[in-house]
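The chain contents come next:
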Amino acid sequence: MAEHAHAAEHGHPNYVKIWGILVVLLGVSVAGPLIGIKIVTLITAFGIAIVKAYLVAKNFMHINVEKRFVPYIVLTVLVFMLLFFAGTAPDVMKKEGTQWEKPAWKTSPAASATPAHEGEHH
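Bear in mind the structure is a predicted one, so any value in this text is a computation, not a measurement.

Peer 1: What exactly am I supposed to notice about helix H3 (residues 38-60) here?
Peer 2: Since the α-helix advances by 3.6 residues per turn, residues separated by three or four positions end up pointing in the same direction. Between the first and last C-alpha of H3 there are 32 Å, a value that for 23 residues agrees with the 33 Å anticipated at 1.5 Å per step. Listed as buried for H3 are Thr 41, Ile 48, Leu 55 and Asn 59. Where H3 is buried, its residues contact helix H2 (15-31). His 62 sits one or two residues past H3 and shows a positive phi near 55°.

Peer 1: Quick question: what am I supposed to make of the packing of aromatic side chains here?
Peer 2: Note on aromatic pairs: each is described by the distance of the centres and the angle between the planes. All chains considered together, the criterion is met by one aromatic pair. Arranged with centres 5.4 Å apart and planes meeting at 25°, the rings of Tyr 15 and Phe 60 form a pair that is stacked. Pair noted here: Tyr 15 is in helix H2 and Phe 60 is in helix H3, with a separation of 45 residues, a long-range link. Residue class for Tyr 15 comes out partly exposed when judged on its relative accessible area of 34%. The class of Phe 60 is partly exposed, set by a relative accessible area of 35%.

Peer 1: Even after reading the chapter, I still don't get the environment of Leu 55, so can you show me in this structure?
Peer 2: Note on placement: Leu 55 falls in helix H3. Between the alpha carbons of Leu 55 and Trp 19 there is a distance of 9.4 Å; along the sequence they are 36 residues apart. For Leu 55, the contacting residues outside a window of four places in its chain are Ile 21, Leu 22, Leu 25 and Phe 60.

Peer 1: How should H2 be read in this particular structure?
Peer 2: For H2, with 17 residues, the first-to-last C-alpha span of 24 Å sits near the 24 Å given by 1.5 Å per residue. Among all positions in H2, only Ile 18, Leu 22 and Leu 25 are buried. Along the axis of H2, the buried positions cluster into a sector of 65°, meaning they face one direction only. Those residues of H2 that are exposed and angled more than 90 degrees off the buried face are Val 16, Lys 17, Trp 19, Val 24 and Val 30.

Parameters and conventions
Each residue is numbered by its place in its chain's sequence as written, counting from 1. Since the coordinates come from a predicted model, pLDDT governs what is reported: local features require at least 70, and pairs of side-chain atoms require 80 or more to be given and counted, while whole-chain, interface and lining totals use all residues. Hydrogens and waters are ignored; side-chain quantities use all the structure's heavy atoms. Note on conventions: DSSP H or I runs of at least 4 residues are helices, E runs of at least 2 residues are strands, and numbering of each starts at the N terminus. Each helix should span, by expectation, one fewer than its residue count multiplied by 1.5 Å. Only protein chains enter the accessibility calculation, which uses a 1.4 Å probe. A residue is then buried if its area is under 20% of the maximum for its type, exposed if over 50%, and partly exposed in between. Residues count as neighbours in contact if any of their non-hydrogen atoms are within 4.5 Å of one another. In this analysis, rings of Phe, Tyr and Trp, with Trp reduced to its six-membered ring, are considered paired at centre separations within 6.5 Å, and the interplanar angle assigns stacked below 30 degrees, edge-to-face beyond 60, and tilted for intermediate values. Picture the helix axis, draw a direction to every C-beta atom, and the arc is the one those directions span.

In short, geometric facts, not functional conclusions.
Pasting the structure below:
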């Protein structure tokens, strides 16, 4: 009993409750595509992913009780990740273009049957 009072005094999270919330959010994110509306699916999927990441970082990784520079490092990493995505998304997410197909030398059966170093003389 004294242990529970001590845990509540310091504000330790209820891990089972947080796990339950994460499971429910997982269920919602899996069921989301069944609706069939693409924009709703994307918004809910990313929104739920952000909430789940926050819950895990705050409660299981204890980011909120670390020294002040740790959350800033995590935030910096997230900003760089978003910048990387914003920089590459225009090229990667194009529907048109010729760079989506493998070159003929990679798709030919003869190229895959013989190793690259075979036939080289040293």
